[in-house]
Amino acid sequence: MSLLEVRGLTVIYPVAVGLSAFFSHRFLVAVDRVSFSLPERGTLALVGESGCGKSSTGLAVLGLLEHVRGEVLFRGKDVLKMKGRELREFRRRAQIVFQDPYESLNPKMKVKAIVEEPLAIHRHRGGPDRVGEALELAGLSPPEYFLEKYPHELSGGERQRVAIAAALILKPELLILDEPVSNLDVSIKAGIMNLFRDLQDELGLSYLFITHDLADAFFLSDEVAVMYLGITVEKGKTEVVLSCPLHPYTEALLSVAPGSGKEKLILAGDVPDPLNPPPGCRFHPRCPRAQTECAAELPPEIEVGPSHWTRCLLLAQGKRHDET
Amino acid sequence: MGGIGKYIVQRVLLTIPMLFILLTAVFLMLRLMPGDPVLAMLGGRNVSPELIEQRRKEWGLDKPLGTQYANYFWRILHGDFGRSSRTGKPVIKELFTRLPATLELAIWGIFFASLFGISTGIWAAVRADRATDHAIRIFHIGSFAIPIFWLGLILQMIFAVQLDWLPVAKRVSGIYAYTFSPITRFYLLDAIILRDGKLLLDVIRHLILPAVTLGIALTGFLGRMTRAAMLEVLDTDYITTARSKGLKERVVVLKHALRNALIPIVTVLGLQFAILMGGAVLTETVFSWPGVAGFLVRSLDARDWNAIQGTIVFIGIFITTVNLFVDILYSIIDPRVRY
């Protein structure tokens, strides 16, 4: 059984505009019927441009957003329906690491307090030892050197390791990594990426890895889901999806990744306004292969290979001309 | 921490040119103001020119402006603010007897402003963009826009005249004017020292209306500030992290968010002190509160130059000191600030 099973996850943000909020709301569908599953000790990468809904998916999985529909099954139990003790236990078992280590640590708390706080919330004992242990796991040693420091006294990489230590201290099973290395220098980034790999081997963690960087996804993940404007356009094993992409959007993303060696497919225009998503296939206004039928309805997810899914009408109709 | 000592010295030195400019501006403005202090003092009509001349000489007003300015400066440097032409007593003594009344009013004004402003600001931020938020924001703008003297009069009319729950004006009831001899002149404190329960109740009843009036005047600004600061903090990742760790929402808001949001709020509170003194002038006038600000208004009426100069300089020094204090406090509550 998979650790996390997400079915038809939909996230809506009511958009209030000034005083009109008294009377009506407009709705922004940030995540639209997204499904995926994350096996135990596995890593699933959610890939896409900013604003595609990948971070909202991460927060929704943790049950931190309102206006969420669908199911988020953690070990078979729906997170969105959890309450009280059950929810608290889930909060212990699932943790999150954010992108910006300058924003994710409370500036008024010392490292010790930051890392220790989850223990107090969940009434675990053995404070100082556990804190030191977590800091060392996150690669901060000697831990005593860091305990009494404020976040602003640390470097970006060290801050991110503090955030990781705070996430690890409760011995979680699932970590949501929301662009955890995007704000770091390349040299530090490599260290943190390796740390994630080692931690997975040592502690048996599962990662939901949110990133816009295909190289990072390739390095860390077993499976990948590519998102565009709130929907998943392609899902499958990382090696398969990233070596022979089938959706035109994935293809375009891959072609512009540095060192891909492919001819760059530069997409026309910008990502459409998510408040007014285009009808039919979300990608058709920018798709180099779009046909008139593409504007009619959202293509279903079709299985194009062993556990390889994509949402493209052309594939459904078997019209892919460049298939070999 | 040698840094902070150096910073304090720098800040204190910086206040010197500030006070210099203040003193000069007050001096020149008074000389430009219509009305002659000697005539105002002597009543204006049927005064012999000889008497006027004599008074002018006594007060040094016959000398050239430059000499007057130098004399004025010299005296103030020695802590001599001159005598009030209206009461005949040294200005500095008048100020010190009135200062506790103003401070007592100001402290409770800030107390009510913080109570109303910070709590409604937090509430508005937590319920951002919903009906509660809009209602609170309208209240904030309203309280910011209402003229203090009008609010004071309305509160007097409702709570003192119509409902007769609270006294209209002054710091204590008439009977105490003869029986009560103040010690610190902070009446609340005096009543506690004297262990006089009836007096304490009387003092509190007198304090409520003026303090609430002054407090409401500051509530809007403080509330909007709190809302903005809270919204900014509530949107940060460490708040989401705190929630994801299973912390109760109340603890997230009050411990993680408010403590960080308080940093800009405290700064603004310090700057608001100047506005508070302005508000105190109006409040003291409406409620016949025997404070420094009321003294200033009466001195202005009487063209009492020494008193006006003295009071403004005094308030200026006071505000400067408060701001200095706030800046130092700032470095204590925000661990990131280093000098």
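Just so you know, these numbers come straight off a predicted model, no measurement behind them. (Residues numbered from 1 in each chain as written. Chains lettered and ligands numbered in written order. Predicted model: local features only at pLDDT ≥ 70, side-chain atom pairs only at ≥ 80, totals over all residues.)

It is worth spelling out the sheet that holds strand 1 (residues 4-15) of chain A at this point. Residues and elements named next belong to chain A. Spatially, four strands are ordered 2-1-4-5 in an open sheet, and the strand pairing comes out antiparallel. In the strand order of this sheet, the two ends are held by strand 2 (26-38) and strand 5 (77-78), each with one partner. Pairing of strand 1 with strand 4 (residues 68-74), which is carried by six bridges, proceeds in the antiparallel orientation. The partner of Val6 across the bridge, within strand 4, is Val72. Lying on the sheet, helix 1 (residues 54-61) is in contact with strand 1, strand 2 and strand 4; it crosses strand 1 at an angle near 110 degrees. (Pairing = 2+ DSSP bridges. Helix = DSSP H or I, 4+ residues; strand = E, 2+ residues; numbered from the N terminus. Contact = placed C-beta atoms within 7 Å. Axes fitted to C-alpha atoms, helices over the stretch in contact; angles between N-to-C directions.)

The subject of this paragraph is the packing of helix 12 (residues 249-286) of chain B against helix 14 (residues 305-333) of chain B. Residues and elements named next belong to chain B. Running from amino to carboxyl end, helix 12 crosses helix 14 at an angle of 175 degrees, the nearest separation of the two axes being 10 Å. For the element pair helix 12 / helix 14, the angle class is roughly antiparallel. Contact with helix 12, carried on its side by Leu262, Ile263, Val266, Thr267, Gly270, Phe273, Ala274 and Met277, involves Ile315, Ile319, Val322, Asn323, Val326, Leu329, Tyr330 and Ile333 of helix 14 and no other residues of that element. Grouping the amino acids of the contact of helix 12 with helix 14 by side-chain chemistry returns 13 nonpolar, three polar and no charged. (Parallel < 35°, antiparallel > 145°, perpendicular 65-115°, else oblique. Nonpolar A, V, L, I, M, F, W, Y, C, P; charged D, E, K, R; others polar.)

The side chains of a regular strand alternate, first on one face of the sheet and then on the other. Residues and elements named next belong to chain A. Strand direction decides the pairing type here: strand 4 and strand 5, joined by two bridges, are antiparallel. Counted as the bridge partner of Phe74 is Lys77 from strand 5. Between strand 4 and strand 5, which pair antiparallel and follow one another directly, the connecting turn spans two residues, one of which, Arg75, has a positive phi of 50 degrees.

Another point: helix 1 of chain A. Residues and elements named next belong to chain A. For helix 1, the buried fraction is high: eight of the eight residues fall into the buried class. All of the buried residues along helix 1 are Lys54, Ser55, Ser56, Thr57, Gly58, Leu59, Ala60 and Val61. Residue Gly63 follows helix 1 closely and has a positive phi angle near 70 degrees. (Buried ≥ 20, exposed ≤ 12 C-beta atoms within 10 Å, placed from the backbone.)

On to the pairing of strand 6 (residues 94-97) of chain A, then. Residue and element names in this part refer to chain A. Residues Ala94 and Ile96 point to one face of strand 6 and Gln95 and Val97 to the other, with burial holding for every one of them. Looking at chain direction, strand 6 and strand 7 (residues 174-178) are connected through four bridges and run parallel. By the bridge assignment, Gln95 is partnered in strand 7 with Leu175.

Residue and element names in this part refer to chain B. Closest axis-to-axis distance for the helix 10 (residues 197-234)/helix 12 pair is 9 Å, and the angle between their directions is 155 degrees. The angle between helix 10 and helix 12 places the two elements in the roughly antiparallel class. Where helix 10 crosses over helix 12, the two elements pack in a sense that is right-handed. Counted by class, the contact of helix 10 with helix 12 contains 19 nonpolar, six polar and no charged residues. (Left-handed = near helix turned anticlockwise from the far one by under 90°.)

Residue and element names in this part refer to chain B. Relative to the helices and strands, Ile239 is located in helix 11 (residues 237-244). Once the C-alpha coordinates of Ile239 and Met18 are considered, the two residues, 221 residues apart in sequence, prove to be 41 Å apart. If we ignore the near neighbours within four places in the chain, the residues touching Ile239 are Val233, Leu234, Val252, His256 and Ala257.

Further remarks concern the interface of chain B and chain A. Interface size is often expressed as the accessible area that is lost when the parts come together. Taken together, the 18 residues of chain B in the interface contact 24 residues of chain A. Of all elements in the fold, only helix 6 (131-145), helix 11 and helix 12 of chain B reach the threshold of two or more residues within the side of chain B that touches chain A. By residue number, the principal contributor to the side of chain B that touches chain A is helix 11 of chain B, which donates six residues. By residue class, the composition of the side of chain B that touches chain A is four nonpolar, eight polar and six charged.

Honestly, it's all geometry; don't read function into it.
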